[in-house]
There are 2 protein chains.
Amino acid sequence: MAISNIRYGEGVTKEIGMDLQNLDARRVCLMTDKNLSQLPPVNAVLNSLAKYGINFQMYDNVRVEPTDQSFLDAIKFAKKGEFDAYVAVGGGSVIDTCKAANLYASSPTSDFLDYVNAPIGKGKPVTVSLKPLIAVPTTSGTGSETTGVAIFDFKELKVKTGIASRAIKPTLGIIDPLHTLSMPERIVANSGFDVLCHALESYTALPYTMRSPCPSNPISRPAYQGSNPISDVWALHALRIVAKYLKRAVRNPEDREARANMHLASAFAGIGFGNAGVHLCHGMSYPISGLVKTYKPKDYNVDHSLVPHGLSVVLTSPAVFAFTAQIHPERHLEAAEILGADIRTARIKDAGFILADTLRKFLFDLNVDDGLAAIGYSKADIPALVKGTLPQERVTKLSPRPQTEEDLSALFEASMKLY
Amino acid sequence: MAISNIRYGEGVTKEIGMDLQNLDARRVCLMTDKNLSQLPPVNAVLNSLAKYGINFQMYDNVRVEPTDQSFLDAIKFAKKGEFDAYVAVGGGSVIDTCKAANLYASSPTSDFLDYVNAPIGKGKPVTVSLKPLIAVPTTSGTGSETTGVAIFDFKELKVKTGIASRAIKPTLGIIDPLHTLSMPERIVANSGFDVLCHALESYTALPYTMRSPCPSNPISRPAYQGSNPISDVWALHALRIVAKYLKRAVRNPEDREARANMHLASAFAGIGFGNAGVHLCHGMSYPISGLVKTYKPKDYNVDHSLVPHGLSVVLTSPAVFAFTAQIHPERHLEAAEILGADIRTARIKDAGFILADTLRKFLFDLNVDDGLAAIGYSKADIPALVKGTLPQERVTKLSPRPQTEEDLSALFEASMKLY
Ligand SMILES: NC(=O)c1ccc[n+]([C@@H]2O[C@H](COP(=O)([O-])OP(=O)(O)OC[C@H]3O[C@@H](n4cnc5c(N)ncnc54)[C@H](O)[C@@H]3O)[C@@H](O)[C@H]2O)c1
Ligand SMILES: NC(=O)c1ccc[n+]([C@@H]2O[C@H](COP(=O)([O-])OP(=O)(O)OC[C@H]3O[C@@H](n4cnc5c(N)ncnc54)[C@H](O)[C@@H]3O)[C@@H](O)[C@H]2O)c1
Ligand SMILES: [Fe+2]
Ligand SMILES: [Fe+2]
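Just so you know, these numbers come straight off a predicted model, no measurement behind them. (Residues numbered from 1 in each chain as written. Chains lettered and ligands numbered in written order. Predicted model: local features only at pLDDT ≥ 70, side-chain atom pairs only at ≥ 80, totals over all residues. Heavy atoms only, no water.)

Undergrad: Just to check I follow, could you spell out the interface of chain A and chain B for this structure?
TA: Much of the literature gives interface size as the accessible area that the parts lose upon coming together. In this complex, chain A contributes 26 residues to the contact, which on the side of chain B involves 26 residues. A buried area of about 2,200 Å², summed over both sides, lies between chain A and chain B, and 63% of it is on carbon and sulfur atoms. The tally of links between chain A and chain B comes to 2 residue pairs in polar contact (both at pLDDT 80 or more). Looking at the side of chain A that touches chain B, the elements that each hand over two or more residues are β1 (5–8), α1 (16–22), α6 (229–251) and α7 (256–276) of chain A. Of all the elements, α6(A) adds the most residues to the side of chain A that touches chain B, at 5 residues. In terms of residue class, the side of chain A that touches chain B is built from 15 nonpolar, 7 polar and 4 charged. (Contact = heavy atoms within 4.5 Å. Buried area = accessible area lost by both parts, 1.4 Å probe. Polar contact = N/O pair within 3.5 Å; in protein donor to acceptor, adjacent residues only side chain to side chain. Helix = DSSP H or I, 4+ residues; strand = E, 2+ residues; numbered from the N terminus. Nonpolar A, V, L, I, M, F, W, Y, C, P; charged D, E, K, R; others polar.)

Undergrad: Explain the coordination of the iron ion (ligand 4) here, please?
TA: When a metal holds four donors in a tetrahedron, each ideal angle between them is 109.5 degrees; when it holds six in an octahedron, the ideal angles are 90 or 180 degrees. Residue and element names in this part refer to chain B. D194 (OD), H198 (NE2), H282 (NE2) and H309 (NE2) make up the full set of protein donors to the iron ion (ligand 4), lying at 2.1 to 2.2 Å. Geometry at the iron ion (ligand 4) is irregular, judged from the 4 donor atoms that bind it and their angles of 83 to 168° at the metal. The sequence motif formed by the donor residues of the iron ion (ligand 4) is D-x3-H-x83-H-x26-H. Separated by 115 residues along the polypeptide, D194 in helix α5 (residues 185–204) and H309 in helix α9 (residues 309–314) bring together distant segments of the chain. H309 carries the same exposure label as D194, and that label is buried. (Donors = N, O, S within 2.8 Å, 3.2 Å for Na, K, Ca; no water. Tetrahedral: all angles 85-135°; square planar, octahedral: opposite > 155°, others 65-115°. Buried < 20%, exposed > 50% of the residue type's maximum accessible area, 1.4 Å probe, protein only.)

Undergrad: What is the right way to read the sheet that holds strand β5 (residues 133–137) of chain A from this model?
TA: All names here are of chain A. If you walk across this open sheet you meet the 6 strands as β1-β8-β5-β4-β2-β3, and the pairing is parallel. The open sheet has two edge strands with one neighbour each: β1 and β3 (56–62). Taking the axes of each pair of neighbouring strands and ignoring which way they run, one obtains an average angle of 20° across the sheet. In this structure, β1 lies alongside strand β8 (residues 172–175), joined through 4 bridges in parallel fashion. Note on β8: the bridge partner recorded for N5 is L172. (Pairing = 2+ DSSP bridges. Axes fitted to C-alpha atoms, helices over the stretch in contact; angles between N-to-C directions.)

Undergrad: Explain unusual backbone geometry here, please?
TA: The phi torsion of most residues other than glycine is negative, and most of the peptide bonds are trans. Residue and element names in this part refer to chain A. Cis geometry marks the peptide bond from A118 to P119; its omega dihedral reads 5°. Along the chain, P119 falls in the loop between α4 (92–105) and β5. The phi angle at E65 is positive, at roughly 60°, despite the residue not being glycine. By the element assignment, E65 lies in the loop between β3 and α3 (68–81). One non-glycine residue, E82, lies in positive phi territory at about 45°. Its place among the elements puts E82 in the loop between α3 and β4 (85–90).

Undergrad: Sorry, what's going on with the coordination of the iron ion (ligand 3) here?
TA: All names here are of chain A. For the iron ion (ligand 3), the full set of protein donor atoms is D194 (OD), H198 (NE2), H282 (NE2) and H309 (NE2), and the range of their distances to it is 2.1 to 2.2 Å. Taken together, the 4 donor atoms coordinating the iron ion (ligand 3) and their angles of 83 to 168° define a geometry best described as irregular. Here the donor residues of the iron ion (ligand 3) share one chain and are spaced in sequence as D-x3-H-x83-H-x26-H. Placement of H282 in helix α8 (residues 280–290) and of H309 in helix α9 (residues 309–314) is noted, with a sequence separation of 27 residues between them. When its relative accessible area of 14% is taken as the criterion, H309 is described as buried.

Undergrad: How should I be thinking about the side chain of A:N117 in this particular structure?
TA: For A:N117, the position within the fold is in the loop between α4 and β5. In contact with A:N117, not counting residues within four places along its chain, are A:G123, A:T161, A:G162, A:I163, A:A164 and A:R394.

Undergrad: What should I look at first to understand the environment of A:A260 in this one?
TA: Residues and elements named next belong to chain A. As for its position among the elements, A260 is in helix α7. Among the residues examined, A260 registers a relative accessible area of 11% and is labelled buried. Sequence separation between A260 and S140 is 120 residues; the distance between their C-alpha atoms is 8.9 Å. The residues contacting A260, other than those within four sequence positions of it, are Y8 and P177.

Undergrad: Help me understand the nonpolar core in this model?
TA: Nonpolar side chains in soluble globular proteins generally cluster together in the buried interior. In terms of nonpolar packing, the biggest core is built from 162 residues, with A:F193, A:L196, A:I375, B:F193, B:L196 and B:I375 touching the most fellow members. Those residues in contact with A:F193, other than ones at most four positions away along the chain, are A:L246, A:G310, A:V313, A:V314, A:F362, A:L363, A:L366 and A:V368. With 20 residues, the next largest nonpolar core counts A:V12, A:L20, A:A25 and A:V42 among its residues. (Core = buried A, V, L, I, M, F, W, Y, C linked by side-chain atoms within 4.5 Å.)

Undergrad: For this particular structure, what's the right way to read the UniProt feature "domain: Fe-containing alcohol dehydrogenase-like C-terminal" (unreviewed entry) in chain A?
TA: As recorded in UniProt, the sites labelled "domain: Fe-containing alcohol dehydrogenase-like C-terminal" (unreviewed entry) are residues 226–416 of chain A. Secondary structure across residues 226–416 of chain A divides into 61% helix and 0% strand, with the first and last C-alpha atoms of the span separated by 29 Å. (UniProt positions renumbered as here; feature names shortened; annotations may be inferred.)

Undergrad: How should the site of ligand 1 be read in this particular structure?
TA: Residue and element names in this part refer to chain A. Every one of the 30 residues lining ligand 1 counts as a neighbour, but G92, S93, T138, T139 and T147 are closest to it. Within the side chain of T138, one N or O atom sits 2.7 Å away from a nitrogen atom of ligand 1. Between ligand 1 and the protein, one listed contact pairs an oxygen atom with a side-chain N or O atom of K160 at 3.0 Å. Protein coverage of the free-state accessible area of ligand 1, which is 870 Å², stands at 97%. Elements with a minimum of two residues in the shell around ligand 1: α4, β6 (149–154) and α5 (185–204). (Near = heavy atom within 4 Å. Areas by Shrake-Rupley, 256 points an atom, 1.4 Å probe, with all protein chains shown as cover.)

Following this line, the structure appears as structure tokens:
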């Protein structure tokens, strides 16, 4: 497994101009989204670029929850700019878009589908070398600053998919908790749920010794290798931080300790799932986001409907872990305990229910919408949701328990209402 | 912080031929020591090289506890061979020697002192690019497969020092617990003590926010940054494994679970201290090893006197942590608890004594020599031991509590007898 460089600390963003000088960067592409372009994180970066006399162009047209179209727009900008370094300031949407822009600008004759995950795209290995990318996360969720993954919504197919290659992992992640202070409540909550699910899914993923096929040549092994003793450390540690700090971070924007810890937890969980992988909550979340109808979440300053990624993963989590627990019940019980359940008298065979109940209580306490029904889905949508999950086998096959289409149906159905 | 690639699993060594093919390696340098060249770990590598038709030359002249002379001999071999990849199969002695050989063969006009840590050498930054190095550890101790450090004994000065640069960190560490099965008892114990001290020292090192000077340009910051939230995760995790498995691993060569866990713990602690640093046990260990008189440890199949590195660090550990505890007493107490102390009624101001007692008991249980006196030192040697510690400021300045020469004297004196 491989882990990228990260630098952590309040205010470390101010060094970014120096980092770019050290990289001898002469034409920098700065990516962000429209909302963030007016906020302190982008400001801090601009100040440092000015101080160190870095020549750059800004692209602030990133779409929140990116699509193939929005990726292509950013790629066009990157190709034209002939940049020698990239800086992404934002949440997963910005960092992922920047990874794609860097990749395709570095591989200008490639077709967009070439690097998109199979079976939707061709899933070709990346052999070109990319320009350095410095990622400055401003949410506490995706861990994208540590992963080789870039996710987008394939509009035509109404399904989310992505690009996964170690080659697109950022050169450096700058984890500066000051950036979390401007996040509104729901963005803290939803991105925090992403951390929660990264941790839970990577901890319960199929063990790396059981994944198949296991290509005999190490170079052909996927980034997502199944749970392993190293990703377990990261997953558990991130889960403990979520248990201790997520509620505080959501409820009190002034709670710097809580927000700083969640910001680190996001990177920790990213390192964990970036090596182990995620499974059903994520696999099922892609159609939940892709098929969105009219849902407009509070606190998101955007003009299109969207189901925020963290919300789309967490809504199925009680059903998913009730389903998977029969494989590693002790890990499910351990997770429930970390999240606050009293397991002194618990029976191991109830591990799934206990974790599911614990999650429901956790979500209720954080005012999460009451299931898929509350964000606009009904029973009639289940076949489409299932159909959208099937091509996500890159992740769903990492579920410890294999699933039939009927199982997926039942999981969506059980997630319609939570409380 | 940066972390190298590692691959973990029983038998994963058999893929090394493929790794070298993937690197397009045509002239490989295989390094090991004389003892290991007859043992299963080297055999496993040779089989894989043969299977994949890898062209290589073997150097088995590595000195256990290397010296400037032995480094130079390996460097000469490397320069002559014009290799395009390196494989190190062994403990820290082999891996460190191989790092140095790769470095100086890649920088052929450099003087040996150029890269040696200041103030002993010039401590120049490495700007040349090195060949890939795959490290296959066979002890469970140094974590050298994950660090940018290479240690040697500077004979003329009678002091151990080293080379520290991210550039010499191995490209890949192959952590194959099968290699631990041939380790005799004392090698398991001594290399395990190295893990113990890496974990304890990096967890109690000066916090990264307090280290000074803190060069304003990130590129000039040292690899050893002080304790930080990320190295803490690794240190604590490694310490828990040591507490649970070291005694079992020492006592029973058939206990695969214990030996495998210690093999991973060695890498975990390496990642931790490779970023945070170590402090007094290590700083004081260098003269303890460097000034060795006639001590010949059991189970070491070598013809010169030596104090094994792990033993040289652990003998001062009770005195050191009794001394440092006034700075982070809660961390010292936590470490004692992890190592088995009952701290329910403990007072925080006794943290240092409690940890020291816990360590003494731990060492007694593992039949460790009764202090520096038992390995040939007397009071008369203390001035020389102190003098040998002074140039180790690269690490000693990471001690949470600053030390005077008198303090160092007292620490050596307190370490003469343990039980
Ligand atoms: N690459 C990966 O490893 C990975 C992992 C998980 C999710 N993702 C993807 O990342 C995307 C979601 O990213 P996200 O959850 O980080 O959110 P996001 O990037 O979509 O941002 C959500 C909203 O928060 C705003 N925002 C961000 N930071 C802010 C701040 N500090 N202050 C005020 N407003 C702020 C943004 O402007 C935006 O409106 C999804 O597309 C998801 O699929 C990627
Ligand atoms: N680079 C770093 O980060 C780092 C950290 C700590 C220590 N060190 C250095 O590493 C050296 C010590 O390394 P070490 O403790 O790994 O021991 P070692 O490499 O010195 O080996 C000790 C003895 O064990 C034998 N041996 C090794 N593996 C064996 C196996 N599987 N079966 C049977 N015998 C085996 C060797 O042949 C040798 O005789 C010291 O020089 C120390 O200063 C380096
Ligand atoms: Fe996610
Ligand atoms: Fe050591």
